[in-house]
Amino acid sequence: MTDKPDTDSAAQWIRTLAQARGLDRAYALNPEAMAAAVARGTASLGPLPADFSPVSEPAVAFDAAKSGGGA
Amino acid sequence: MSDLAHLTIAEAGRLIRARKLSPVEFTRALMARIAATDAVYHAYLAVTEELAIAQAKAAEAEIMRGEWRSPMHGVPYATKDIFDVAGMATTCHSKLRIGHRAAADATAIVKLREAGAVLLGKLALHEFATGGPTRELPWPAACNPWNLDLHPGGSSSGSGVAVAIGTAPGALGTDTGGSVRNPATCCGVVGMKPTYGTVSRAGVFPLAFSLDHVGPLTRTVEDNAIMLQVIAGYDPADPASVRRPPSDFTAELSAGVKGLRIGLIAHFYEEDMVAAPEQSAAIAAAADVLRRLGAEVKSIRLSSLQRYTACGRTIHNAEAYAVHERDLQERPQDYAGITRSKLLPGAFIPAAEYVKAQQLRAALCAEFAAAMRDLDAAITLSSLDMPCRIDDAETIAKTYERQMRMPFNVTGTPAIAVPTGFTAAGLPTAMQVVGRAFAEPMVYRVAQAYCEATAWCERHPPVKTAEREKSLVG
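Note that the structure is predicted; figures quoted are calculated from it, not measured.

J.: Before we move on, could you go through the overall build of chain A and cite the residues and values that matter?
T.: The number of helices and strands found in chain A is three helices and zero strands. From first element to last, N terminus to C terminus, chain A shows the α and β order α-α-α. Looking at chain A as a whole, 23% of its 71 residues qualify as buried.

Take a look at the structure:
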């Protein structure tokens with residue numbers, strides 16, 4: 001056993017993820033950029049407000065008028 | 001060089017209406033200036049000389065007949081090359097779009113045409129409004145007008161540069177995470193992101209549909225209000241367009257700020273992140289100017305800048321990837337590397353994270369609305385840093401994380417960038433004036449009072465000329 005990260009497995013995982021997304025060509029162009037994209041894309045939103053509710057309505061169809069509108 | 005180069009839209013419109021300025025002469029003067037400067041600044045991707053002269057002649061004939069259309073009748077402008085103009089390529093500054101031909105004008109272009117404005121040409125941008133300056137693209141990147149070695153801001157880079165150097169009195173830009181206000185900041189001009197849905201995005205190549213805004217860049221606040229008035233209005237062709245009559249954006253311009261309550265969102269740039277000393281000193285001085293003019297300026301608190309930015313970035317990345325997925329799969333080599341690096345993270349955002357970001361967005365909108373309830377407007381910085389070298393891709397990438405513009409794309413509320421002075425090195429600093437949804441008249445009122453009191457908008461960069469090196473196509 002070792003505590004060293006298995007870089008081969010990590011690279012393979014990135015490649016598999018990219019292939020699953022149909023991004024084989026983009027991976028081949030720059031594997032490091034793909035690894036950075038995976039890191040950025042899978043990064044958490046970060047800490048949410050204390051009163052954040054997972055059952056709140058998302059702003060999917062964003063409407064400024066419903067967001068405190070009025071001059 | 002032309003004396004007409006720094007004529008404002010308001011001045012030109014008045015002179016044209018009074019038949020003291022010929023739209024044709026004005027247009028020809030700006031065409032000559034473009035020809036003399038563009039090999040240096042690279043603001044234009046295409047010059048529409050034939051169309052411009054035809055539109056200017058038509059405007060002149062109408063004015064002579066007493067048929068006046070609007071304050072922009074006979075006044076030239078240019079557009080970021082992300083807006084469709086019938087018969088022309090909408091290149092988005094990308095190899096992927098070479099050969100494209102737009103079938104019809106974007107709604108904003110239609111509105112400007114119907115107002116009698118004269119289209120000078122199409123302007124440089126960051127590839128698909130998200131990449132960055134790079135030699136990998138088919139056309140050169142626009143340069144900072146105050147120092148050619150520096151980044152002019154983006155993504156509406158050509159719009160900021162053309163307005164600053166006097167090759168267009170006004171320009172159209174788009175703003176998904178700050179892309180009107182960033183070049184306005186770096187180029188020392190005025191850039192407005194109005195309330196979401198105020199200006200139609202029909203015929204504009206999308207970046208992230210729930211964050212995309214169209215906005216004008218100009219040299220003065222008054223010009224900005226005039227140009228926004230022309231392009232604003234409900235459009236059934238844009239699903240996000242707001243079904244309400246536009247405000248009168250110039251109505252309150254001269255009302256001053258005496259008695260107004262203005263919030264100062266200082267924790268964004270003092271605690272959450274730390275600004276360059278030149279930027280923070282300039283906004284402190286700007287707050288003092290507003291106080292001297294009679295406003296009450298007091299600190300307010302919102303969620304952290306990082307929370308707003310993370311929310312906006314997640315939505316931005318997911319929506320932008322959806323637009324570009326097929327091309328990234330089939331022809332990724334045709335994007336510049338910097339553009340791919342900005343678009344690919346969207347492929348890996350879990351669906352739940354996108355939904356959570358939109359839930360967070362609703363909460364942040366409510367928070368901002370509550371904070372603004374007892375205020376007329378608020379101010380904060382635009383950029384934390386001064387522009388870096390245009391060839392320093394790593395630092396440029398960091399500047400997009402170190403800015404205070406994305407919060408107002410998340411809230412969809414109006415935000416204008418105005419100059420707040422110049423550093424010892426001669427570079428412009430800037431702040432944002434922000435307001436409640438649809439409170440553009442108040443935002444313009446505060447910005448105008450500040451700009452009138454300081455006159456930073458009247459400073460123009462010394463412009464360099466060169467023989468034209470490239471062929472500009474119409």
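J.: Can you lay out the overall build of chain B for me, pointing to particular residues and giving the numbers?
T.: Looking only at helices and strands, chain B has 15 helices and eleven strands in total. In terms of overall size, chain B behaves like a compact globule, its C-alpha atoms giving a radius of gyration of 20 Å where 474 residues would be expected to give roughly 23 Å. Seen through its C-alpha atoms, chain B measures out along the principal axes to roughly 55 × 55 × 45 Å. Contacts in chain B between residues far apart in sequence, at least 24 positions, make up 79% of those at least 6 positions apart.

J.: Report on the interface of chain B and chain A, specifying residues and quantitative values.
T.: Taken together, the 49 residues of chain B in the interface contact 34 residues of chain A. Contributing elements (two or more residues each) for the side of chain B that touches chain A: helix 10 (305-330), helix 11 (337-343), helix 12 (351-372) and helix 15 (440-454) of chain B. With 14 residues, the single largest contributor to the side of chain B that touches chain A is helix 12 of chain B. Among the residues making up the side of chain B that touches chain A, the classes are represented as 25 nonpolar, 18 polar and six charged.

J.: Outline the sheet that holds strand 4 (residues 170-175) of chain B, listing residues and values.
T.: Residues and elements named next belong to chain B. Strand order across the open sheet formed by eleven strands is 1-3-2-4-6-5-10-11-9-7-8, with mixed pairing between neighbours. Each end of this open sheet is capped by a strand with a single partner; those strands are strand 1 (44-47) and strand 8 (296-299). Averaged over all neighbouring strand pairs, the angle between strand axes comes to 30°, with direction disregarded. Pairing of strand 7 (residues 261-264) with strand 9 (residues 377-381) involves three bridges; the strand directions are parallel. Residue pairing across strands places Leu264 opposite Ile379, the latter belonging to strand 9. Across the face of the sheet, helix 2 (residues 23-41) comes into contact with strand 1, strand 2 (76-80) and strand 3 (118-123) while running at roughly 20° to strand 3.

J.: Please set out the pairing of strand 10 (residues 415-422) of chain B residue by residue, giving values where relevant.
T.: Residues and elements named next belong to chain B. Taken across its eight residues, strand 10 has seven buried, putting it largely inside the fold. Pairing analysis gives three bridges linking strand 5 (residues 190-193) to strand 10, with the strands arranged antiparallel. Residue pairing for strand 10: Met192 is matched across the bridge by Ile416. In the sheet, strand 10 pairs with strand 11 (residues 428-434) via seven bridges, with the strands oriented antiparallel.

J.: Outline helix 1 (residues 9-17) of chain B, listing residues and values.
T.: Residues and elements named next belong to chain B. Buried residues of helix 1: Ile9, Ala10, Ala12, Gly13 and Ile16, and no others. Seen from one end, helix 1 has its buried residues packed into an arc of 165°, which puts them on one side. Its buried side turned inward, helix 1 meets helix 2, helix 3 (49-64), strand 4, strand 6 (213-218) and helix 7 (221-231). Immediately downstream of helix 1, the backbone of Arg19 shows phi near 60°, a positive value.

J.: Account for the nonpolar core, with residues named and values stated.
T.: Note that soluble globular proteins tend to have their nonpolar side chains buried in a common cluster. Residue and element names in this part refer to chain B. Ranked by internal contacts, the top residues of the largest apolar core, which has 162 residues, are Leu120, Ala162, Val418, Val443, Val446 and Ala447. Element by element, the count of residues in this core is highest for helix 10, at nine residues. Excluding anything up to four places from it in sequence, Ala162 contacts Ala43, Tyr44, Ala78, Leu123, Thr167, Ala168 and Ala171.

Rules and cut-offs
- Residues numbered from 1 in each chain as written.
- Chains lettered and ligands numbered in written order.
- Predicted model: local features only at pLDDT ≥ 70, side-chain atom pairs only at ≥ 80, totals over all residues.
- Helix = DSSP H or I, 4+ residues; strand = E, 2+ residues; numbered from the N terminus.
- Buried ≥ 20, exposed ≤ 12 C-beta atoms within 10 Å, placed from the backbone.
- Rg over C-alpha atoms; globule rule 2.2 N^0.38 Å.
- Contact = placed C-beta atoms within 7 Å.
- Nonpolar A, V, L, I, M, F, W, Y, C, P; charged D, E, K, R; others polar.
- Pairing = 2+ DSSP bridges.
- Axes fitted to C-alpha atoms, helices over the stretch in contact; angles between N-to-C directions.
- Arc of directions from axis to C-beta.
- Core = buried A, V, L, I, M, F, W, Y, C linked by C-beta atoms within 7 Å.

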